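# Inside the fold
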Amino acid sequence: MPLPLGSFVRCRSALLALWLGLAGFTCAGGSEHAATAALPAAFSDLLPHFLVEPEDEYIVKNKPVTLTCRSTPATQIYFKCNGEWVHQDDHTIERSVDPATALPIMQVTIEITRQQVEKVFGLDEYWCQCVAWSTTGTQKSQKAYIRIAYLRKNFEEEPQGKEVALDQEVLLRCHPPEGVPQAEVEWQRNEDVVDPASDPNFFITADHNLVIKKARLADTGNYTCVAKNIVARRRSNSATVLVYDGGWSEWSKWSACGADCSMWRSRECTQPSPGTGGKDCQGLDLQSLNCTSEQCPQTVSGAEDVALYVGMVAVALCLTLLLIVVVLVYRRKKEGLDADVADSSILTTGFQPMGIKPSKPGVWAPRPRRPPHSKNSHLLTIQPDLTTTTTSYQGTLRSRHDTTGKFSLTNGPLLDPLPNGSHTLHNGKLNSDPAEFVSRLSTQSYFKTLPRDIANTSYGTFNFLGGRLTIPNTGISLLIPPEAIPRGKIYEIYLTVQRKEDLRLPLAGCQALLSPIVSCGPPGVVLSRPVILSVDHCFDACLDNWAVRLKKQNYEGTWEDVLLMGEELVSEPYYCQLEAETCRLFSEQLGTFALVGESLHMGAAKRLRLVLFSDAYCSTLEYNIRVYCMDDTQDVFKEVMQMERQLGGRLIDEPHVLLFKDSYHNLRLSIHDMPQAHWRSKLLAGYQEIPFYHIWNGSQRYLHCTFTLERLSLSTCELTCQLCVWQVEGEGQSFGLDFNIAKDTRAVDSEFLLMDSNATALAGPSAFQIPYLIRQKICSSLDAPCPNGADWRMLAQRLKLERHMSFFASKASPTSMILDLWEAQHFHSGNINQLATVMADIGKQEAMIFLVSDGEC
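From a predicted model like this one, the values you see are computed outputs, not experimental measurements.

A separate point is the overall build of the chain. If you tally the helices and strands in the chain, you get twelve helices and 49 strands. When the 857 residues of the chain are sorted by exposure, 48% land in the buried category. A sequence separation of at least 24 residues applies to 70% of the contacts in the chain between residues at least 6 apart. Entry remark: accessible area of the chain is about 41,700 Å², with carbon and sulfur atoms responsible for 54%.

What follows is the structure, encoded as structure tokens:
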């Protein structure tokens with residue numbers, strides 16, 4: 001029996017549903033799917049029309065977008081994306097009735113994720129549209145395009161600083177970073193938005209350039225181009241515009257005709273007077289003119305005398321002009337010479353990383369862990385290296401690297417295999433120097449990653465008894481636990497800190513380098529258990545604020561993510577213990593490692609160490625104070641101390657620590673409260689700035705700025721001032737300076753004079769606090785589970801390591817892993833009696849064996 005027309009339409013809908021992978025449709029009296037609604041007979045001849053159509057959307061980060069479609073009257077609505085029907089389970093359907101027309105309304109929404117869009121990225125744009133059905137026919141909505149939003153980091157063109165004369169037109173160019181959607185651009189002067197509507201002297205072109213129609217003195221300042229879209233906000237480097245002054249007054253009236261038959265007039269460079277670095281007015285300030293015969297008081301004897309006088313006047317004028325030219329050239333050369341001596345950052349507010357590599361070891365200050373404030377503990381003089389030549393140079397500084405520099409070593413440990421397969425430990429002198437060691441090992445293919453910078457490398461020879469490598473005054477060490485090296489094997493192992501300019505680690509977007517780049521090797525050696533690599537970091541240690549990844553460089557030189565901190569898997573060869581300022585990495589493989597982080601929100605912060613240096617000796621009126629804003633890690637501080645030693649600098653105050661947040665705001669530096677009767681600052685603006693991204697990514701190690709001060713008399717030696725460093729709309733630090741620039745005999749806090757005098761390489765028992773045999777007894781006592789919990793689990797709890805229970809439990813000897821971590825943490829400050837107390841609290845009699853002497857063990 002043939003079906004009626006309405007049943008035929010419903011069956012056609014059922015066939016469409018089968019296309020879409022839908023279920024639940026029946027024909028001729030069966031129940032319809034939820035996306036299908038029957039229309040009253042009065043509306044059965046109406047085509048659907050759309051009340052709401054899907055709109056273009058942008059996906060920000062990983063947040064999905066929602067597309068909405070609403071139609072009346074409609075029996076079905078489905079979305080089609082890039083030519084394919086969206087599955088029914090991905091639709092959300094709502095039904096209502098229009099109270100005015102009594103027509104049924106159907107609304108359907110779907111979500112589109114970043115992964116869906118990325119599947120077609122580069123092939124075509126991702127689009128979706130909805131199709132609505134009624135018993136009469138179908139209608140299609142407009143297409144909605146979904147794009148992944150982004151904003152590149154670097155500007156394609158940044159504004160450049162200029163020095164312009166009064167009333168001159170100024171053009172500052174800006175081409176914002178590439179982005180989707182296209183970035184909006186605004187200009188700022190000294191952090192205030194430039195609004196052409198309120199100040200018609202400014203004009204912003206269609207291609208985002210800023211035009212100052214007539215430069216005014218008030219237009220002097222730092223100009224920044226700011227680009228923003230829905231994803232991010234980027235700031236260009238600031239461009240300093242300097243408007244100088246200097247203009248002639250009106251000519252005076254001509255003087256009376258003098259006895260020499262000439263008259264004079266003059267003008268002065270006072271309207272306005274030279275200011276803000278302006279130059280003297282160009283041209284003559286005095287003019288003369290011959291008088292007529294009627295005005296000349298002398299009797300003109302004849303044409304010959306007139307010619308003679310005219311010739312004499314002409315010669316005099318030529319000589320005057322020549323003299324003026326000579327004076328102007330001399331003054332200009334002198335000004336140029338003075339400008340060369342001054343730090344270029346005074347005019348350009350530039351901040352340049354300094355890359356001096358020391359050629360000789362110096363005396364290094366250890367990491368100042370939140371030093372107590374002491375007004376008088378701020379003068380550490382670093383004697384200049386008189387074997388090198390010091391020059392004045394503007395820009396990035398690099399030393400003349402001495403590849404044959406000496407390398408300070410302690411007696412290296414040697415391990416000799418015995419005939420019966422056991423080993424004994426001796427302390428002896430290495431037969432070869434470090435350069436020979438590097439050269440010898442680098443000839444072997446599996447040592448191809450061996451660093452060439454022997455001044456920052458430690459190495460040693462180790463067997464199953466283990467040992468320790470340390471790079472002094474960097475916070476970097478490698479603990480090789482007992483049994484990490486298989487019995488019967490002897491390894492020569494090295495540890496080095498890589499210079500970031502020598503080994504590039506690619507950073508994407510807003511990623512930040514949070515630790516030094518450290519290599520230990522040789523890669524590929526077989527280890528029986530993890531070693532522990534200790535490295536400083538420079539972030540707030542809050543994993544709620546950061547996504548921190550451990551990166552490792554493979555044999556091809558490519559960097560790979562091997563661990564997401566906080567989500568470690570016990571089955572993986574890497575595991576991290578994060579502390580307030582240090583990361584301890586358990587690793588079953590040697591290689592090159594670094595920590596890279598990406599902030600999860602604006603509360604994420606990096607730790608900056610602010611360090612002040614000045615010239616140790618000053619014989620001129622000018623006096624420089626250098627402010628370093630560096631990552632708060634010991635290795636960077638050591639490099640800066642070494643560099644300043646070569647420059648002949650001295651530390652003039654205790655380092656301060658500043659939390660620098662991911663707010664896109666720059667770092668500002670200013671100097672205040674100087675005695676105006678004796679000192680003045682040559683800084684033209686009220687402050688200097690370091691751009692946010694120069695600090696955040698961590699790739700520029702020696703960010704600093706220089707304040708050039710000028711004393712009004714050579715006899716002035718006392719300097720008091722306040723130096724402030726702060727993040728715009730963020731945290732700040734203040735240095736109160738009060739010292740004698742010529743001589744200061746006040747005591748220096750001993751914390752800055754301490755040296756890391758420990759040997760760079762220790763092997764066998766001397767590398768550990770816990771004697772080897774005692775360690776074995778503790779492990780055998782605590783590894784076995786105890787019903788009352790008096791086993792390795794209680795030891796982990798008492799040492800506040802309970803977060804790593806699952807990691808310890810995955811190892812053959814959980815106790816040995818706990819003791820390895822304790823050794824790594826407490827090598828310099830560990831108290832063996834405190835560990836004995838913990839053992840006694842657990843209830844193990846083995847705590848008494850700590851009283852046994854090393855000789856008895």
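So, next bit.
Now for the nonpolar core. I625 and V627 are the most contacted members of the largest nonpolar core, which totals 94 residues. Apart from the residues lying within four places of it in its own chain, the contact partners of V627 are V611, L612, L669, L703, H704, C705, F707, L723 and V725. Counting residues in hydrophobic clusters, the runner-up holds 35 residues, among them Y575, F586, L799 and L801.

Our focus in this paragraph is the sheet that holds strand β48 (residues 732-740). Either a parallel or an antiparallel arrangement is found when strands of a sheet pair, and the pairing is made through backbone hydrogen bonds. In space, the four strands of this open sheet follow the order β45-β43-β47-β48, with antiparallel pairing throughout. Strand pairing shows two members of the sheet lacking a second neighbour, β45 (688-690) and β48, which therefore form its edges. For this sheet, the mean angle separating the axes of adjacent strands, direction not counted, is 20°. Sheet topology places strand β43 (residues 667-672) next to strand β47 (residues 718-727); six bridges connect them, and they run antiparallel. Looking at the pairing, L669 lines up with V725 of β47.

Here we come to the sheet that holds strand β13 (residues 170-172). Strand order in the open sheet made by the three strands is β13-β18-β17, with antiparallel pairing throughout. Each edge of the sheet is formed by a strand with only one pairing partner; in this case those strands are β13 and β17 (202-204). Adjacent strand axes in the sheet meet at a mean angle of 20° when their direction is disregarded. Here β13 runs beside strand β18 (residues 210-212); their pairing, made up of three bridges, is antiparallel. Bridge pairing in β18 links L172 to L210.

Attention now goes to the state of the cysteines. In this structure the tally under the stated criterion is three disulfides. Covalent S-S linkage joins C69 and C130, the inter-sulfur distance amounting to 1.9 Å. Residues C69 and C130 are joined through a disulfide that is right-handed, its torsion about the S-S bond being 55°. In this pair, C69 is assigned in strand β3 (residues 65-72) and C130 in strand β8 (residues 126-133), connecting sequence segments 61 residues apart. The pair C69 / C130 is uniform in exposure class, with both members buried. A sulfur-sulfur separation of 2.0 Å characterises the disulfide bridge that pairs C81 with C128. Here the S-S torsion is close to 110°, and the disulfide linking C81 with C128 is therefore right-handed. One end of the pair, C81, is in strand β4 (residues 76-81); the other, C128, is in strand β8, with 47 residues separating them in the sequence. Side by side, C81 and C128 carry an identical accessibility label, which is buried. A disulfide-free cysteine, C576 has its sulfur positioned 3.7 Å from the sulfur of C583, the nearest such atom.

Moving on, we get to empty space enclosed by the protein. Where empty space is left in the structure can be found by rolling a water-sized probe over the atoms. On inspection of all chains with the given rule, the structure shows eight cavities of 30 Å³ or more. Space inside the largest cavity adds up to approximately 90 Å³. S515, P516, V518, L533, V535, L550, C583, L585, F593, A594 and L595 are the residues that line the largest cavity. Secondary-structure elements contributing two or more residues to the lining of the largest cavity are β33 (531-536), β37 (582-587) and β38 (592-599). With three residues, the top contributor of residues to the lining of the largest cavity is β38. Per-class residue counts for the lining of the largest cavity are ten nonpolar, one polar and no charged.

This brings us to the confidence of the model for the chain. Counting all residues, the mean pLDDT for the chain is 77, and 73% of those residues have values of 70 or more. Counting interchain partners and residues more than four positions distant, the pLDDT-below-50 stretch residues 1-36 has 48 contacts. Under a pLDDT of 50 for its full length, residues 444-449 has, in the predicted model, ten contacts with residues more than four places off or in other chains.

Time to look at helix α8 (residues 772-782). Turning to α8, its buried residues are I774, R775, I778, C779, S781 and L782. Down the axis of α8, the smallest arc covering the buried residues is 165°, so these residues share one side.

To continue, consider a nonpolar patch on the surface. Taken together, the side chains of L308, Y309 and M312 present a nonpolar region at the surface, about 320 Å² in accessible area. Residue placement: M312 occurs in helix α3 (residues 303-341).

This paragraph deals with the environment of L658. Position of L658 among the secondary structure elements: in strand β42 (residues 656-661). Assessed through its relative accessible area of 0%, L658 is described here as buried. C-alpha of L658 to C-alpha of L610: the two residues are 48 residues apart in sequence and 7.3 Å apart in space. Residue contacts for L658: discarding those within four places in its chain leaves K606, R607, L608, L610, L667, V725, E731, G732 and Q733.

In this section: unusual backbone geometry. That bond from T72 to P73 is cis: its omega, -20°, falls within 30 degrees of zero. Along the chain, G521 connects to P522 via a cis peptide bond; the corresponding omega equals 10°. With a phi angle near 65°, A541 is a residue other than glycine that sits in the positive phi range. For A541, the position within the fold is in the loop between β33 and β34 (546-553).

Looking at the secondary structure, you find H694 in helix α7 (residues 692-696). Here the side chain of H694 touches N237 through a polar contact of 3.4 Å, side chain to side chain. Beyond its immediate chain neighbours, meaning those up to four positions away, H694 contacts N237, Q700 and L703.

Procedures and definitions
- Residues numbered from 1 in each chain as written.
- Predicted model: local features only at pLDDT ≥ 70, side-chain atom pairs only at ≥ 80, totals over all residues.
- Heavy atoms only, no water.
- Helix = DSSP H or I, 4+ residues; strand = E, 2+ residues; numbered from the N terminus.
- Buried < 20%, exposed > 50% of the residue type's maximum accessible area, 1.4 Å probe, protein only.
- Contact = heavy atoms within 4.5 Å.
- Areas by Shrake-Rupley, 256 points an atom, 1.4 Å probe, with all protein chains shown as cover.
- Core = buried A, V, L, I, M, F, W, Y, C linked by side-chain atoms within 4.5 Å.
- Pairing = 2+ DSSP bridges.
- Axes fitted to C-alpha atoms, helices over the stretch in contact; angles between N-to-C directions.
- Disulfide = S-S within 2.5 Å.
- 1 Å grid on protein atoms, 1.4 Å probe; cavity = no way out; pocket = protein on both sides within 12 Å on 5 of 7 lines; lining within 4 Å.
- Points joined across faces, edges and corners; volume = space filled by probe spheres on them.
- Nonpolar A, V, L, I, M, F, W, Y, C, P; charged D, E, K, R; others polar.
- pLDDT = per-residue confidence, 0-100.
- Arc of directions from axis to C-beta.
- Patch = residues over 30% accessible without salt bridge, like charges linked within 9 Å, V, L, I, M, F, W, Y side chains within 5 Å.
- Salt bridge = Lys/Arg side-chain N within 4 Å of Asp/Glu carboxyl O.
- Polar contact = N/O pair within 3.5 Å; in protein donor to acceptor, adjacent residues only side chain to side chain.

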